[in-house]
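# A look at the structure
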Amino acid sequence: MNNQNISVIEKLQQKGVTIPNPLSVEIGSDVDIERVSGDGVVIYSGCKIYGKSTLILQGATLGYEAPVTVSNCQIGPEVELKGGFFKEAVFLKKASMGLGAHVREG
């Protein structure tokens, strides 16, 4: 893990994001951490977050059942992405996707 990723993860944790295993999480250099809420967001082990338009709102949970990869997604409040791959998608309040989900743009 590079120092830049460690720094970004530390900043997210200081905002209040819960990351139980921070050394296993990858945050792309293009992600604007100001677009990630610190209120109740949980990012579990193995998750990868990329994209300058990625937005994660309060109460979102990523990777509870398996790692999640997110690329340029807008994740609304209380959304649960439990495991899978998500690219250029929008998830409205309380949406839930289970283990092995695969959502692409379009």
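Now for a look at the structure at hand.

Cut-off values and rules
Residues numbered from 1 in each chain as written. Predicted model: local features only at pLDDT ≥ 70, side-chain atom pairs only at ≥ 80, totals over all residues. Heavy atoms only, no water. Buried < 20%, exposed > 50% of the residue type's maximum accessible area, 1.4 Å probe, protein only. Helix = DSSP H or I, 4+ residues; strand = E, 2+ residues; numbered from the N terminus. Pairing = 2+ DSSP bridges. Contact = heavy atoms within 4.5 Å. Core = buried A, V, L, I, M, F, W, Y, C linked by side-chain atoms within 4.5 Å.

### Things to note about the pairing of strand E6 (residues 68-71)
Residue alternation in E6 divides its side chains into two sets, Val68 and Val70 and Thr69 and Ser71, and both sets are buried. With 3 bridges connecting them, strand E3 (residues 48-50) and E6 associate as parallel partners. Paired with Ile49 across the strands is Val70, a residue of E6. Pairing of E6 with strand E9 (residues 84-87), which is carried by 4 bridges, proceeds in the parallel orientation. Looking at the pairing, Val68 lines up with Gly84 of E9.

### A look at the side chain of Asn5
Following the sequence through the fold, Asn5 ends up in helix H1 (residues 3-15). Classification of Asn5 by relative accessible area gives buried; the value is 7%. With sequence-adjacent residues up to four places away left out, Asn5 is seen in contact with Val25, Glu26 and Ile27.

### Describing the sheet that holds strand E1 (residues 26-27)
Sheets are built from strands that pair by backbone hydrogen bonding, the pairs being arranged parallel or antiparallel. Overall, parallel pairing links the 5 strands, which are arranged E1-E3-E6-E9-E12 in an open sheet. The outermost strands of the open sheet, each flanked by one partner alone, are E1 and strand E12 (101-103).

### Here we look at the sheet that holds strand E8 (residues 80-81)
Reading across from one edge, E2-E5-E8-E11 is the order of the 4 strands in this open sheet, with parallel pairing throughout. Strands with a single pairing partner mark the edges of an open sheet, and in this sheet they are strand E2 (42-43) and strand E11 (96-97). Here 2 bridges tie E2 to strand E5 (residues 61-62), and the two strands are oriented parallel to one another. For Val42, the partnering residue across the bridge sits in E5 and is Thr61.

### Section: the nonpolar core
Counting 28 residues, the largest nonpolar core has Ile43, Ile75, Leu81, Phe86 and Phe91 as its most contacted members. For this core, the secondary-structure elements that each account for two or more residues are H1, E6 and E12. When residues of this core are assigned to their parent elements, the largest contribution, 3 residues, is made by H1. Not counting residues within four places of it along the chain, the set of residues in contact with Ile75 comprises Leu55, Ile56, Leu57, Ala60, Leu62, Val70, Leu81 and Phe91.

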